[in-house]
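For reference, the chains in residue letters:
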Amino acid sequence: MEELPLDFEIVPAAPERDDALQLSFESWEGPLDLLLTLARSQKVDLKQISILGLVEQYLTFIAEARELKLEVAADYLVMAAWLAYLKSALLLPKDPLEDPSPDELALRLQLRLQRLAAMREAAARLLARDRVGRDVFLRAKPEGLRDIKVRRWDASLYDLLSAYGQVKLRSEPVVHMVSRRPVITLDAALHHLQRMIGVKLDWAELSDFLPPDYDGPLRRSAIASSFVAALELARQGRVDLKQEGAFEPLYLKASGA
Amino acid sequence: MIDDLERAIEAMLFASDTPLDARQVAGRLGDEMTPGEVRAIIQTIAARHAGSGIELVERGGHWHFQTPADLAHLLRRERDDPRKLSRAAAEVLAIVAYHEPVSRAEIEAIRGVQTSKGTLDVLMEAEWVAPAGRREVPGRPLIYKTTDAFLQHFGLTSRKDLPGIEDLRAAGLLDPVDLAFEEAMGELDLVKDGEEA
Amino acid sequence: MIDDLERAIEAMLFASDTPLDARQVAGRLGDEMTPGEVRAIIQTIAARHAGSGIELVERGGHWHFQTPADLAHLLRRERDDPRKLSRAAAEVLAIVAYHEPVSRAEIEAIRGVQTSKGTLDVLMEAEWVAPAGRREVPGRPLIYKTTDAFLQHFGLTSRKDLPGIEDLRAAGLLDPVDLAFEEAMGELDLVKDGEEA
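The structure presented is a predicted model; accordingly, all values stated were derived computationally and were not measured.

Let's shift gears to the overall build of chain B. Looking only at helices and strands, chain B features 11 helices and 7 strands. By residue count, 41% of the 197 residues in chain B fall in the buried class. A separation threshold of at least 6 residues defines the contact pool for chain B, and within that pool the share at least 24 residues apart is 43%. With the model as given, the accessible surface of chain B reaches about 10800 Å², and the carbon-plus-sulfur share is 52%.

Below, the discussion takes up the sheet that holds strand β1 (residues 20–21) of chain C. Residue and element names in this part refer to chain C. Here we have 3 strands laid out as an open sheet, ordered β1-β3-β2, and antiparallel in their pairing. The sheet is open, and its two borders are formed by β1 and β2 (55–59), each paired with just one other strand. Judged from the 2 bridges that link them, β1 and strand β3 (residues 62–66) form a sheet pairing that is antiparallel. The residue bridging Leu20 from the neighbouring strand is Trp63, located in β3. The strands touched by helix α1 (residues 4–15) within the sheet are β1, β2 and β3, with β3 carrying the most contacts at an inclination of about 75°.

On the chain B side, the residues contacting the 28 residues of chain C number 27 residues. Carbon and sulfur atoms supply 62% of the area that chain C and chain B bury against each other, a total of about 2400 Å² over both sides. If you sort the residues of chain C by the area they bury against chain B, Arg7, Phe14 and Arg28 of chain C come out on top, with a joint share of 26%. There are 2 salt bridges connecting chain C and chain B. Among the ionic pairs, Arg7 of chain C bridges to Asp70 of chain B, the shortest N-O distance being 3.0 Å. Summed over the shared surface of chain C and chain B, the number is 9 residue pairs in polar contact (both at pLDDT 80 or more). Going through the elements one at a time, α1, α2 (22–28), α3 (35–49), β3 and α4 (72–75) of chain C are the ones with two or more residues in the side of chain C that touches chain B. Top element by residues in the side of chain C that touches chain B is α1 of chain C. It accounts for 7 residues. Class assignment for the residues of the side of chain C that touches chain B results in 13 nonpolar, 7 polar and 8 charged.

Residue and element names in this part refer to chain C. Read across the sheet, 3 strands follow the order β4-β6-β5 without closing on themselves; strand pairing throughout is antiparallel. Looking at which strands have only one partner, the edges of the open sheet turn out to be β4 (102–103) and β5 (129–134). Sheet topology note: the β5/strand β6 (residues 142–146) ladder contains 4 bridges and is antiparallel. Counted as the bridge partner of Val129 is Thr146 from β6. Contacts from helix α5 (residues 87–99) reach β4, β5 and β6, with the element oriented near 90° to β6.

Right, let's get into the nonpolar core. Of all hydrophobic cores here, the largest spans 52 residues; its most connected members are Ile9, Leu13 and Phe65 of chain B together with Ile9, Leu13 and Phe65 of chain C. When sequence neighbours within four positions are dropped, the list of residues in contact with Phe65 of chain B reads Arg139 of chain A, Glu10, Leu13, Phe14, Ile45, His49, Ile54, Glu55 and Leu56 of chain B together with Phe14 and Ile54 of chain C. Listed in part, the 34 residues of the second largest apolar core include Leu85, Ile95, Trp128 and Val129 of chain B.

Take the packing of aromatic side chains next. Applying the stated criterion across every chain, the model contains 9 aromatic pairs over all chains. Each ring, one from Trp28 of chain A and one from Phe61 of chain A, has its centre 5.6 Å from the other, and the planes form 90°; the classification is edge-to-face. Remark: Phe61 of chain A occurs in helix α2 (residues 51–67) and Trp28 of chain A occurs in the loop between β2 (21–23) and α1 (31–40); sequence separation between them is 33 residues. The same class applies to Trp28 of chain A as to Phe61 of chain A, namely buried. Ring geometry for Phe150 of chain C and Phe154 of chain C: centres 5.2 Å apart, planes at 50°, overall tilted. In textbook terms, an aromatic cluster arises when at least three aromatic residues are bridged by ring pairs, as seen for Phe14 and Phe65 of chain B together with Phe14 and Phe65 of chain C. The cationic tip of Arg108 of chain A hangs over the ring face of Phe181 of chain C; the distance from NZ or CZ to the ring centre is 4.2 Å. A cation over an aromatic ring shows up here: Lys242 of chain A above the ring of Tyr251 of chain A, its NZ or CZ 5.6 Å from the ring centre.

All right, on to a nonpolar patch on the surface then. Residue and element names in this part refer to chain A. Residues Leu186, Phe227, Val228, Leu231 and Leu241 make up a contiguous nonpolar surface patch of roughly 380 Å² in combined accessible area. The element contributing the most residues to the nonpolar patch is helix α7 (residues 217–235), with 3 residues. Residue classification places Leu241 among the partly exposed residues on the basis of a relative accessible area of 32%.

This brings us to the packing of α1 of chain C against α3 of chain C. Helix packing geometry: the angle between the two helix axes and the distance between the axes. Residue and element names in this part refer to chain C. Packing of α1 against α3 leaves a shortest axis separation of 10 Å and a crossing angle of 75°. Relative to α3, the element α1 is oriented roughly perpendicular. Contact residues: Leu5, Glu6, Ile9, Glu10 and Leu13 in α1; Val38, Ile41, Ile42, Thr44, Ile45, Arg48 and His49 in α3. In terms of residue class, the contact of α1 with α3 is built from 7 nonpolar, 2 polar and 3 charged.

All names here are of chain B. Direction vectors running N to C along helix α5 (residues 87–99) and helix α7 (residues 117–125) enclose 70°, while the axes themselves pass 9 Å from each other. If you check the angle between α5 and α7, you find them roughly perpendicular. For the pair α5 and α7, the contacting residues are Ala88, Ala89, Val92 and Leu93 in the first and Thr119, Leu120 and Leu123 in the second. Counted by class, the contact of α5 with α7 contains 6 nonpolar, 1 polar and no charged residues.

The next thing to look at is the confidence of the model for chain B. Residue and element names in this part refer to chain B. Of the residues in chain B, 88% have a pLDDT of 70 or more, and the chain-wide mean is 83. This stretch, residues 178–197, has a pLDDT under 50; its non-local contacts, to residues over four places away or in other chains, come to 10 contacts. Listed scores for the predicted complex are pTM 0.64 and ipTM 0.69.

Quick look at helix α6 (residues 104–111) of chain B now. Residues Ile107, Ile110 and Arg111 of chain B constitute the buried set of α6 of chain B. In a view along the axis of α6 of chain B, the buried residues occupy a sector of 95°, so they form one face of it. Turned more than 90 degrees away from the buried face of α6 of chain B sit Ala105 and Ala109 of chain B, all of them exposed. Of the surrounding elements, those touching the buried residues of α6 of chain B are α5 (157–171) of chain A together with α5 and β5 (102–103) of chain B. Of the residues trailing α6 of chain B, Gly112 of chain B is marked for its positive phi of about 80°.

So, about the interface of chain A and chain C. Facing the 39 residues of chain A at the interface are 58 residues of chain C. Linking chain A to chain C there are 5 salt bridges. A salt bridge links Arg146 of chain A to Asp17 of chain C, with the nearest nitrogen and oxygen atoms 3.9 Å apart. At the junction of chain A and chain C, the tally comes to 14 residue pairs in polar contact (both at pLDDT 80 or more). Those elements that provide at least two residues to the side of chain A that touches chain C are α1, α4 (102–127) and β3 (146–154) of chain A. It is α4 of chain A that provides the largest number of residues to the side of chain A that touches chain C, a total of 16 residues. Grouping the constituent residues of the side of chain A that touches chain C by class yields 16 nonpolar, 5 polar and 18 charged.

Quick notes on the rules
- Residues numbered from 1 in each chain as written.
- Chains lettered and ligands numbered in written order.
- Predicted model: local features only at pLDDT ≥ 70, side-chain atom pairs only at ≥ 80, totals over all residues.
- Heavy atoms only, no water.
- Helix = DSSP H or I, 4+ residues; strand = E, 2+ residues; numbered from the N terminus.
- Buried < 20%, exposed > 50% of the residue type's maximum accessible area, 1.4 Å probe, protein only.
- Contact = heavy atoms within 4.5 Å.
- Areas by Shrake-Rupley, 256 points an atom, 1.4 Å probe, with all protein chains shown as cover.
- Pairing = 2+ DSSP bridges.
- Axes fitted to C-alpha atoms, helices over the stretch in contact; angles between N-to-C directions.
- Buried area = accessible area lost by both parts, 1.4 Å probe.
- Salt bridge = Lys/Arg side-chain N within 4 Å of Asp/Glu carboxyl O.
- Polar contact = N/O pair within 3.5 Å; in protein donor to acceptor, adjacent residues only side chain to side chain.
- Nonpolar A, V, L, I, M, F, W, Y, C, P; charged D, E, K, R; others polar.
- Core = buried A, V, L, I, M, F, W, Y, C linked by side-chain atoms within 4.5 Å.
- Phe/Tyr/Trp six-rings, centres within 6.5 Å; stacked < 30°, edge-to-face > 60°.
- Lys NZ or Arg CZ within 6 Å of the ring centre and 35° of its normal.
- Patch = residues over 30% accessible without salt bridge, like charges linked within 9 Å, V, L, I, M, F, W, Y side chains within 5 Å.
- Parallel < 35°, antiparallel > 145°, perpendicular 65-115°, else oblique.
- pLDDT = per-residue confidence, 0-100.
- Arc of directions from axis to C-beta.

Laid out in C-alpha cells, this is it:
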C-alpha cells in the first residue's frame, strides 16, 4: 500500500498489544465514504475517475487492514465482495447478454460517488457560513412581544332574568309537585288477579290476565305488579304457577281448579 | 459612512446581555481608547438613533438599547378573550341588580347558597358591579351595586327597566324547572290520564 | 424625521424575540396595512441600518436584527460556540436542505449508510429540520424539510441562497442516481445511434 489517505487515524494500541497498530474505521461513514476518500487520492475529477483503479485501491486497503488483524465491519466486507465481482466483470471479455453490464454498474457507482461528494462539499460550505451565535449575534435580552388576553364577560338580559327567576323560585316556600307516573300498584294487581282467577279455569298465561287496553309504560308496570301478585297468591296456596323454562311464558290457574 | 469603531461599539451594546459602561466597552476593544473617548462615540450612536424605533439609553453610567416607551402599546397587545358568565355569577348579578345595595351576606341569604368570593370578583372585573360603601350595621359589611356599564351592556336605561316579579312570572321565568321541562317533553298528558284512571 | 409607522415597525422587529414576517407585523398594527406595504417599510428600515453595527436581515420571509459578521471577533469571546455538528449530522442536514422534502431512505441512499436515529434527532432538536408530512408511496415514509430557524442560523435569505444549489441542480447532482443513470444511458444510446447512422 503506497499511501494512507489523509484522514486515516493511526491510534497507538493499548499497552499490552503494542506490537500492533490499530486503524480506526470510525473515520469513515461507511464503505461509500471510504471509496470517496480513496477516489479523492486519484486527484482527478470524479467524472474522469478510473473505477477499476478505485476498486483495486479499495480491495488492497481492506486486505491490508485484515493483515493488520483489524476488525473490519461487515458492510465494508460486503462492499469488498461486490467490488471484487465488479472488477472481474470489468476485466473479462464483454458478454453482450449480461444485464446489467459491468460498465453500467461502474457508471452507477460513479454517479453515487458524485452525489455523495456534492453533499459533502455542500455541508462544508453550509457550516462555513456566518452562523448565529458564532459570527453574528442577536439581541441577548429582547423585550419580546406579548399578547395580553383581556377577559370580556358575556351574558344576555335573558340569562340575567332567568337566573333571577331561579333564585326567587328557590327562596319561595317549597311545594313538591311529584308528577304521577302511570303505574299499577301491587294492591291493584292483587285485587285484579284474584278476580280474574275465578273466571279462567284452565292454565292461562299471566299476560292474559291484564286488561287489554293497558299499553306502553302502563302495561310494563302492570306486568311487573301482576307478576309479584302471582307470586304472592302462589305463596298463599291460592294459585299454581307453571313455566317451561327461563324467559318462557308464565302460566297460572286457580289452585285445585 | 459610519466608522468601524462606532459600528463595533454599537454591535457590542446591542449583543450584550447586560448594560455596559464606557470602561467595559473600552476593555473589550483592547484598552486602546479612554473611557472618555468611548463615551463620546456612544453619544454619537445614541444621537443617530434618536427619534427612531430604537433608543440607546443611559442608566447610572451603563448603556443599553431599548424600544421607546411611547411604543410600548405595540409590544404588549391586548386581545379580547370573551367568556360566558357562569350561572352562579348571573344569579349574583341579578340579585345585586334587583336588591341593590346588598352585602355579600344578603346575597347569600337570597340565593340560599354560599357565594364564592370569585363570583363577585368576576362581576367587578366585568365592571358590572362595584362596591357602594358599607352598611352601618355590626361588622360594617361592604355593600354592592350595579354600574352604568351594567345598564349599558344589558340595554337598560335605568334599573327601573328591570321587569318586576309579576312580569317574570307571566313570562314563565318563575315556573319550576322540572315542571317546565316536562311540559316541554309533552308528558303532562300521561299524568292527567293517570289521575283519571 | 422618521415617520411613526416606520418607528413602530422598527420597534416591533427590535423588541421581538423571534423573527417576524410582514403579515405578523401588519397584524400587530391592527391590519390597517397590507403585508406588501409593511414589507416596503421594512426595506426602508433595513436600508437605514445598512453599514451600521446593527443589521436588519431577511431569513425565509422573516426579519430580525443582528450584528454584522465582520465584527464577530469583537463579540465572540464571551459566547458559547454554536452546537458542534458531527460530520454525519452536517451531511444529513445538507442532504435535507438541498433535496427537501426528503425521506430517511433517500438520505441513506445518498450516504450509502444507515442514518443513526440520533443524527436526525439532533437536527430536529436544534429545530433546523422538521417532519413535512409523508410521501404518498408504499409504506408512506415520513419526509423532512428544513425550517425558518435553519435559514436564520445559517444566514440564508431563502433556500435559493443555499451555497451552489443552482450549479448542483444544473449538473443534475440533485437528481436521484436512477434518473441520472437513465439520462447517461440515453446519451450513450444516442451516441451509438449516431455512430450507426
